[in-house]
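This is what each chain is made of:
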Amino acid sequence: MTVASNVKQCIATIKGIEAQLSTLALHSSIQESQAMFHEMMMLIDEVKQDLEQRKNELELEEPQYKGS
Amino acid sequence: MITLPEWIQIIIRAIVFFAALFIATKILGKKQISELTFFEYISGITIGSIAGEVIMGLDSSIMHGMVGIGIFVLVTFLSDILSIKNKKFRDVFEGTSTVLIQNGKLLEDNLKKEKYTIDGLSELLRDKNVFNIADVEFASLEPNGDLSVLLKKENQPITPKDLGIKVAPVRESQTIIMDGQILDDSLRVSGKTRNWLMTELEKLEVTLDNVFLAQVDSFGELHVDIFDDKLQVPAAQTRPLLLASLKKCQADLELFSLETKSIEAKKMYSKNAKKLEMAINRLKPYLH
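Below: a short report on this structure. (Residues numbered from 1 in each chain as written. Chains lettered and ligands numbered in written order. Predicted model: local features only at pLDDT ≥ 70, side-chain atom pairs only at ≥ 80, totals over all residues. Heavy atoms only, no water.)

Structural notes on the overall build of chain B
Piece 1. Counting its regular elements, chain B contains twelve helices and eight strands.
Piece 2. The C-alpha atoms of chain B give 31 Å as radius of gyration, which overshoots the globular expectation for 288 residues (19 Å, by more than 25%).
Piece 3. Along the first, second and third principal axes, the C-alpha atoms of chain B reach 105 × 60 × 40 Å.
Piece 4. Considering chain B as a whole, with its 288 residues, one finds that 33% of them fall into the buried category.
Piece 5. A fraction of 50% describes how many contacts in chain B between residues 6 or more apart in sequence connect residues 24 or more apart.
Piece 6. Entry remark: accessible area of chain B is about 18,800 Å², with carbon and sulfur atoms responsible for 61%.
Piece 7. Of note, chain B has its 35 positive side-chain charges centred 11 Å away from the centre of its 38 negative side-chain charges. (Helix = DSSP H or I, 4+ residues; strand = E, 2+ residues; numbered from the N terminus. Rg over C-alpha atoms; globule rule 2.2 N^0.38 Å. Buried < 20%, exposed > 50% of the residue type's maximum accessible area, 1.4 Å probe, protein only. Contact = heavy atoms within 4.5 Å. Areas by Shrake-Rupley, 256 points an atom, 1.4 Å probe, with all protein chains shown as cover. Lys, Arg positive; Asp, Glu negative; His and termini not counted. Charge placed at Lys NZ, Arg CZ, Asp CG, Glu CD.)

Set out below in structure tokens:
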């Protein structure tokens with residue numbers, strides 16, 4: 001496992017979390033919970049963007065791992 | 001007039017009075033059944049015994065019994081309405097509660113007024129799982145003879161509020177399948193569709209006619225009980241799993257920040273690890 005693939009794996013998990021939070025926000029019947037899930041989804045999105053940027057940097061540094 | 005055999009008369013009277021009592025309780029409502037006040041207690045007993053008397057005593061007329069029951073229903077009904085309108089009337093007819101323990105001290109005068117002995121009071125307290133009078137801050141005897149007890153703060157059960165724990169709000173669950181039948185009304189109340197329900201059931205690998213009971217909670221998760229008790233239905237686990245994967249990601253980010261040699265990346269990783277940690281802390285009450 002290379003650093004790049006580890007980061008990619010983490011990004012995938014983060015995306016999964018984001019999707020699940022979105023589902024929970026949609027399915028909750030209480031506004032307070034909806035707001036909480038939504039807010040956390042946004043926060044996770046920020047993390048995801050940072051990680052994706054890092055992934056691109058890594059791919060530039062180690063082009064041999066691109067796409068793996 | 002032909003006189004029917006006695007047993008047939010009893011059958012007829014029983015049916016007639018059953019109907020009469022049914023109507024009477026419908027008129028008087030749930031309040032009558034709970035027998036909260038002296039008045040309801042008396043009228044409950046009397047209506048019942050009039051009916052019993054007339055059903056078995058063939059000498060008494062059905063009409064007379066009906067009149068008796070009617071009067072009791074009417075008076076109880078009127079007193080209910082008057083008590084809603086007037087506080088003074090309410091105090092007289094429905095009674096007021098008597099304070100028996102205040103500030104942790106027994107009020108002997110009130111105890112005497114209600115003709116309770118200390119044994120009687122301790123029995124009522126034991127009924128409320130209080131075995132030590134010193135634990136009680138306040139107790140009052142309600143008009144229906146129940147004792148309401150407020151324990152001293154240190155003896156009260158601990159709540160999340162006491163511990164300063166934030167908990168997720170919950171609403172009542174909606175029952176959406178009963179005996180294999182979809183209850184469309186509650187489905188609508190919970191804001192779900194039949195389509196959604198079918199997909200969820202498919203996910204759990206159960207068929208609709210095998211579901212005895214299904215409820216949807218305020219997180220929109222489906223909980224089912226099926227007829228076949230030997231089959232195991234997986235419990236809803238999305239939320240605990242989500243918390244677990246959040247924790248995993250957070251740990252991963254911490255690890256990356258330790259591993260990387262680039263200072264900038266280190267900063268980025270630890271910043272995001274902190275963000276995730278915050279998210280975990282805030283989501284924890286919701287995801288348990």
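What follows picks up the thread again.
Considerations on the pairing of strand β5 (residues 174–178) of chain B
All names here are of chain B.
Piece 1. Counting buried positions along β5 gives four out of five residues, so the element sits mostly inside the fold.
Piece 2. Direction of pairing for β5 relative to strand β7 (residues 211–216): antiparallel, over a ladder of four bridges. Its bridge partner lying in β7, I177 is registered against A214.
Piece 3. Where β5 lies against strand β6 (residues 181–182), two bridges are found, and the strand directions are antiparallel. Looking at β6, one finds that I177 is bridged to I182. (Pairing = 2+ DSSP bridges.)

Overview of the packing of helix α1 (residues 6–28) of chain B against helix α4 (residues 62–85) of chain B
Residues and elements named next belong to chain B.
Piece 1. At a minimum axis distance of 10 Å, the contact between α1 and α4 shows a crossing angle of 10°. With respect to α4, the element α1 is oriented roughly parallel. Listed contacts from α4 to R13, V16, F17, A20, L21, A24, I27 and L28 of α1 are I62, G65, M66, I69, V73, T76, F77 and D80.
Piece 2. Across the contact of α1 with α4, the residue classes break down as twelve nonpolar, two polar and two charged. (Axes fitted to C-alpha atoms, helices over the stretch in contact; angles between N-to-C directions. Parallel < 35°, antiparallel > 145°, perpendicular 65-115°, else oblique. Nonpolar A, V, L, I, M, F, W, Y, C, P; charged D, E, K, R; others polar.)

A word on the nonpolar core
Piece 1. Within the largest apolar cluster, 36 residues are counted, with the highest numbers of intra-cluster contacts made by L21 and F37 of chain A together with L253 of chain B.
Piece 2. When contributions to this core are tallied by element, the ones reaching two or more residues are α1 (3–27) and α2 (31–61) of chain A together with α11 (238–259) and α12 (263–287) of chain B.
Piece 3. In terms of residue count, the dominant contributor to this core is α12 of chain B (ten residues).
Piece 4. If sequence neighbours within four positions are ignored, L253 of chain B has contacts with C10, V47 and L51 of chain A together with Y269, N272, A273 and L276 of chain B. (Core = buried A, V, L, I, M, F, W, Y, C linked by side-chain atoms within 4.5 Å.)

Section: α1 of chain A
Since there are 3.6 residues in each turn of an α-helix, residues three or four apart along the chain are aligned in direction.
Piece 1. End to end, α1 of chain A covers 36 Å across 25 residues, agreeing with the expected 36 Å (1.5 Å per residue, within 8%).
Piece 2. Residues A4, S5, V7, K8, C10, I11, I14, I17, E18, L21, L24 and A25 of chain A constitute the buried set of α1 of chain A.
Piece 3. Looking at the buried residues of α1 of chain A, the elements they touch are α2 of chain A together with α11 and α12 of chain B. (Expected span 1.5 Å × (residues − 1).)

Focus: the sheet that holds strand β1 (residues 98–102) of chain B
Residue and element names in this part refer to chain B.
Piece 1. The four strands are arranged β2-β1-β3-β4 in an open sheet whose pairing can be described as antiparallel. A strand with exactly one partner marks an edge of an open sheet, and here the two such strands are β2 (105–106) and β4 (147–151).
Piece 2. Relative to the sheet, helix α7 (residues 118–127) contacts β1, β2, β3 (136–141) and β4, its axis offset from that of β4 by approximately 70°.

Remarks on unusual backbone geometry
All names here are of chain B.
Piece 1. The backbone of K115 shows a phi angle near 55°, a positive value even though the residue is not glycine.
Piece 2. Secondary-structure assignment places K115 in the loop between α6 (108–113) and α7.
Piece 3. Located in the positive-phi region is N129, a residue other than glycine, with phi close to 65°.
Piece 4. Tracing the backbone through its elements, the reader meets N129 in the loop between α7 and β3.
Piece 5. Taking relative accessible area as the criterion, N129 reaches 65% and is therefore assigned exposed.

Regarding the sheet that holds β5 of chain B
All names here are of chain B.
Piece 1. Spatially, β6-β5-β7-β8 is the arrangement adopted by the four strands of the open sheet, whose pairing is antiparallel. Bordering the open sheet on either side are β6 and β8 (222–226), each of which pairs with just one other strand.
Piece 2. Here helix α10 (residues 194–204) sits on the sheet and contacts β5, β6, β7 and β8; the angle it forms with β8, its principal contact strand, is near 60°.

Here we look at the interface of chain B and chain A
Piece 1. With 34 residues of chain B at the contact, the number on the chain A side is 26 residues.
Piece 2. Applying the counting criterion to the chain B and chain A interface returns three salt bridges.
Piece 3. Its salt-bridge partner being E39 of chain A, residue R282 of chain B comes within 2.8 Å of it at the nearest N-O pair.
Piece 4. Those elements giving two or more residues to the side of chain B that touches chain A turn out to be α11 and α12 of chain B.
Piece 5. A per-element tally of the side of chain B that touches chain A places α12 of chain B first, with 13 residues.
Piece 6. Of the residues contributing to the side of chain B that touches chain A, the split by class is 18 nonpolar, seven polar and nine charged. (Salt bridge = Lys/Arg side-chain N within 4 Å of Asp/Glu carboxyl O.)

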